Every structure is written in C-alpha cells, then in structure tokens.
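# Structural characterization, general
One letter stands for each residue in the lines below.
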Amino acid sequence: TAPRPWLGLGWAAMDLGRNAESLRAFKKAVDLSPDVGEAHFGLAEAYRFTGDKVSAVAEYQEFLRLDPASRDAEVAKRAIESLKE
C-alpha cells in the first residue's frame, strides 16, 4: 500500500532499460499515492523514455504542482521545454 517500493522498482527497471516495467511501477506508485511528487516525476520520465510526450509533459507539470521546490524541478522544466519543441 506504500509507494516507496514501487518507486524503487520503477527506477531500477528504468536503469535496466525495461521501460514498460518502469511505466507500470510508476503508475502503481501514483495510484497508491497521487500526492507524492516523486511518483509523478518517475512516471514522467518513464513516459518520456517510451516516447509518449503528451503524457510526459502532463506528469512533469503535476510533479511541479506538487513539489515546485524539488531539486528535480529544473530538470522537469527543461524536459517540458524540450518535449514541447
């Protein structure tokens, strides 16, 4: 019921290039805790790596709404800019 294990699984899967598995894990983390910014950031990254630009931008924006002071905020802003080009 906690998002943390799913986040770990998502990042590990992403590191191994298992994008579909990463996407599933981050979606589960968001489903369990939609108010956790890191879950949306991970989901955005997974969408970006699978080529779903529209979903990636939406998740980056949700991440920024939830956690605007995060150390990853600038990364998310730059990703949004590049995905909208």
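As a starting point, this report considers the structure included with it. (Residues numbered from 1 in each chain as written. Predicted model: local features only at pLDDT ≥ 70, side-chain atom pairs only at ≥ 80, totals over all residues. Heavy atoms only, no water.)

### Considerations on the overall build of the protein chain
The helix and strand inventory of the protein chain stands at 5 helices and 0 strands. The order of α-helices and β-strands along the protein chain, N terminus first, is α-α-α-α-α. The globule rule puts the C-alpha radius of gyration for 85 residues at 12 Å, and the 12 Å found for the protein chain is close to it. Each principal axis of the C-alpha atoms in the protein chain carries an extent, and together these give about 35 × 25 × 20 Å. Contacts in the protein chain between residues at least 24 apart in sequence constitute 39% of all its contacts with a sequence separation of at least 6. Carbon and sulfur atoms provide 52% of the accessible area of the protein chain, an area that totals close to 5000 Å². In the protein chain, 12 side chains carry a positive charge and 14 a negative one; their mean positions are 2 Å apart. (Helix = DSSP H or I, 4+ residues; strand = E, 2+ residues; numbered from the N terminus. Rg over C-alpha atoms; globule rule 2.2 N^0.38 Å. Contact = heavy atoms within 4.5 Å. Areas by Shrake-Rupley, 256 points an atom, 1.4 Å probe, with all protein chains shown as cover. Lys, Arg positive; Asp, Glu negative; His and termini not counted. Charge placed at Lys NZ, Arg CZ, Asp CG, Glu CD.)

### Digging into the pattern of salt bridges
Counted by the stated rule, this structure contains 5 salt bridges. Ionic pairing is found between Glu74 and Lys77, a salt bridge with its closest N-O pair at 3.5 Å. You can see Glu74 and its partner Lys77 sitting in helix H5 (residues 73–84), 3 residues apart, about one turn around the helix. Residue classification places Lys77 among the partly exposed positions, given a relative accessible area of 40%. (Salt bridge = Lys/Arg side-chain N within 4 Å of Asp/Glu carboxyl O. Buried < 20%, exposed > 50% of the residue type's maximum accessible area, 1.4 Å probe, protein only.)

### Comments concerning the environment of Leu43
One can find Leu43 in helix H3 (residues 37–50). In this structure Leu43 comes out as buried when scored by relative accessible area, which is 4%. The contacts of Leu43, once residues within four sequence positions are left out, are Leu23, Phe26, Lys27, Val30 and Glu59.

### Describing the nonpolar core
Judged by nonpolar contacts, the single largest core of 22 residues is most densely connected at Phe26, Leu43, Tyr60, Leu64 and Ala76. Only helix H1 (4–15), helix H2 (19–32), H3, helix H4 (53–66) and H5 provide two or more residues apiece to this core. The element that contributes the greatest number of residues to this core is H3, accounting for 6 residues. Residues contacting Leu64, with those up to four places away along its chain left out, are Ala73, Ala76, Lys77 and Ile80. (Core = buried A, V, L, I, M, F, W, Y, C linked by side-chain atoms within 4.5 Å.)

Read these as spatial facts, not as claims about activity.
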